[in-house]
Amino acid sequence: MKLQSILIVSIFQLMFSFLFAQKYEKSYQQNINYKTNNNNGKDLNLNFACKYDAFLGEPLFSSRTKKISEGDFIVYNNQKYYRKDIGDKIFNQIEVGLINVSFDIYQGSRKITTVKLENEISVSFIPGSPDWDQLWPGVSEDNVKKIWKEGYTIKNAKLYNVKFTGFSALQNYLNKIESDKAKEIEDKKKAEEKEKEEQEKADKEQQLKEEEEAEKLIAENKKQEEEELERAKEAEREKAAAAEAERKRREEQERIRQEKINAYNNRIANQKKENNAIAAASAASSASVLYLLGGVIYNKMGLPGKDLYTGNNFHINFDFGYGVSAFPLSYNSVRTAVDYNGDEQTTEEETTVSAITVDLRLAFKVGYEVENGGGNIYGRFEPGFSPIFTDFNTSHGYGAEIFGGHKNIKLYGRYEMGTHSFSSNNWIDPEEIGEGGKSSTSYTQLRAGLKFSYYRNQRTAKRDHIILGIMENYFDENSADVFSFREEPGEPLINLNGNLPNYVASGFFFEWKRDHTHRLYLEVFSNYPSTGEIGGVSNDGSMFLQVGFSRSIEGFFGNN
């Protein structure tokens, strides 16, 4: 009976040990790169591995550190020696003599201790069975067992002491190189001394020969000097005559050059004066026509409307009036000038200007509106020209707008498609002989903002509307007939479109409208891409501005 009890207890102990070992076995390995830097040795790529286990209630630990690969040079006394230079035999004699490894024990994010292992170089695991209180430095036996049960991790394996052996072969190799170099210097010195003696002998013989020849040359040179003196006098006389002829030739050439320059400057000045006179007459004529047409457009503006807004109406609106556009335009300028010799030259250069036009904005809008919202579809055409006929505009657009919210303040959005078509030709400058530039850019525009609607007083039946917000134009390089971008702007103010095309321009808008009376608008892009007939892309942009004041004629129909 006693023997049976002992046997049962032993079986339970073995089962407990097996289960304990299965649960608390912990393996870890990590590749460690060792850089020798200025220390004697090689670069190494090592693999460190360790394993904790338990058997019959006692801890087991084994580890090994083996070399995976090594660098192709040796550092010795702060100098690098490559394998290809010193040979495999010497290179392979330098081996690792000592490697000390440390790693950290963590429980969760808390560091428990650092374990240090000495002389760790080996290709197979070196087993050990330390006591529980010696397993982890600074951690008691009870805490070790507790941490084993709760779980832990092994991290941060690194080397803290590496030493190499076998440098004697390399030192012998270096000593031999120094010895061979010293012998080479001595041999070279002897050869130089011998060469010097032979050269001195040859120099002495050459000196005697030269002295004999020098005596002969003295006589010949004296004769030549006399002949050359006579020739020099003759050359001086010829030179003086040539200088006088050259002076006269240059005076005549300068006279011709000044005549050509003066003729060009006079022609340009006269043409510029004539062009300025034509421009002044054109501006006066344009002002008269614009004034007369403006008198027709704005005559009796603001008279009481008949078809007023009642809170639930169909809406038709027609705007016409003046505006001003300033559009950035790039083109190849072809100019004439005279060079130093008075010859007329033609040069080409890239030029960016602002095409400024006075526009006649014609806009039509139809839609439906209630107190808390509404929408319209619209189209507009805004032909324009500069008063001196240098810039022209035939832009147009169409789209839809919606708004909703409180009757006095609503969210506002608009989608528009259209084309900005501008051209410019500085015909006033007579030195500009190019054809100017033109740009016809198709775009898609999104606007987002707020719309404020109110009655000025209780007696009026006309509402005032203020709309303001931000806008973005989207376009790509395929959206124009004559088109090449001069700028690629950065990030937009907002991403109204979601998927951005190649180019985006951001700006803001403001509009003040009074029913049956007028519409004042302002649209500004501070950094609009300059387009035109020039290829390539640059980082320069300019302002695109549109401002105007138009008469508004409209009617509200439906429920009264």
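Here the structure is a predicted model, which means the values were calculated and not measured. (Residues numbered from 1 in each chain as written. Predicted model: local features only at pLDDT ≥ 70, side-chain atom pairs only at ≥ 80, totals over all residues. Heavy atoms only, no water.)

S.K.: Explain the overall build of the protein chain to me, please; I cannot follow it from the model alone.
M.R.: Secondary structure assignment for the protein chain yields 6 helices and 19 strands. Counting the 560 residues in the protein chain, one finds 38% classified as buried. As presented, the protein chain carries roughly 33,400 Å² of accessible surface, and 54% of it is formed by carbon and sulfur atoms. (Helix = DSSP H or I, 4+ residues; strand = E, 2+ residues; numbered from the N terminus. Buried < 20%, exposed > 50% of the residue type's maximum accessible area, 1.4 Å probe, protein only. Areas by Shrake-Rupley, 256 points an atom, 1.4 Å probe, with all protein chains shown as cover.)

S.K.: I tried to follow the pairing of strand β12 (residues 391-405) on my own but got confused; where do I start?
M.R.: It is a general feature of regular strands that their side chains alternate between the two faces of the sheet. Relative to β12, strand β11 (residues 373-385) runs antiparallel, the two sharing 13 bridges. Note that in β12 the partner of Tyr-378 across the bridge is Gly-399. In this structure, the hairpin formed by β11 and β12 is closed by a connection of 5 residues, where Phe-389 is found at a positive phi of approximately 60°. Between β12 and strand β13 (residues 409-424), which pair antiparallel and follow one another directly, the connecting turn spans 3 residues. (Pairing = 2+ DSSP bridges.)

S.K.: How do you make sense of the pairing of strand β17 (residues 518-529) when you look at a structure like this?
M.R.: In terms of strand pairing, strand β16 (residues 503-514) meets β17 through 7 bridges, oriented antiparallel. Bridge assignment links Phe-509 to a residue of β17, and that residue is Glu-523. The loop that links β16 with its antiparallel partner β17 comprises 3 residues; one of these, His-516, has a positive phi angle of about 65°. Relative to strand β19 (residues 541-558), β17 is paired through 10 bridges, and the arrangement is antiparallel. Counterpart to Pro-529 in the pairing with β19 is Gly-541.

S.K.: Even after reading the chapter, I still don't get the packing of aromatic side chains, so can you show me in this structure?
M.R.: A complete count under the given rule lists 28 aromatic pairs for this structure. Seen in terms of ring centroids, Tyr-52 and Tyr-152 are 6.3 Å apart; in terms of plane orientation they differ by 85°. Their pairing is edge-to-face. Here Tyr-52, found in strand β2 (residues 41-55), pairs with Tyr-152, found in the loop between α5 (141-150) and β8 (153-165); they are 100 residues apart in sequence, far enough to count as distant. Take Tyr-52: its relative accessible area is 1%, and that puts it in the buried class. One Lys or Arg, Lys-26, reaches over the ring of Tyr-152 and ends 5.2 Å from the middle of that ring. Lying across the ring of Phe-91, Lys-42 places its NZ or CZ 4.1 Å from the centre. (Phe/Tyr/Trp six-rings, centres within 6.5 Å; stacked < 30°, edge-to-face > 60°. Lys NZ or Arg CZ within 6 Å of the ring centre and 35° of its normal.)

S.K.: How do you make sense of the pattern of salt bridges when you look at a structure like this?
M.R.: Between side chains of opposite charge, a pair can form as their charged atoms come close. Following the criterion strictly, the structure yields 36 salt bridges and no others. For Arg-250, the salt bridge identified is with Glu-246, shortest N-O distance 2.8 Å. With a gap of 4 residues between them, Arg-250 and Glu-246 both fall in helix α6 (residues 168-298), about one helical turn apart. Owing to a relative accessible area of 54%, Arg-250 belongs among the exposed residues under this scheme. One salt bridge in this structure joins Arg-247 and Glu-251, with 2.7 Å as the shortest N-O distance. In this pair, Arg-247 and Glu-251 are both assigned in helix α6, 4 residues apart and thus about one turn of the helix distant. Three or more residues joined by partner-sharing salt bridges are found here, namely Lys-42, Lys-67, Glu-70, Arg-83, Asp-88 and Glu-95. (Salt bridge = Lys/Arg side-chain N within 4 Å of Asp/Glu carboxyl O.)

S.K.: Got a minute to help me understand α5 in this structure?
M.R.: Residues separated by three or four positions in an α-helix point in the same direction, a consequence of the helix having 3.6 residues per turn. Those residues of α5 not exposed but buried are Val-144, Ile-147 and Trp-148. Down the axis of α5, the buried set is contained in an arc of 105°. They therefore lie on one face. Along α5, the residues that are exposed and aim more than 90 degrees away from the buried face are Asp-142 and Lys-149. Backbone geometry just downstream of α5 places Gly-151 in the positive-phi region, at approximately 110°. (Arc of directions from axis to C-beta.)

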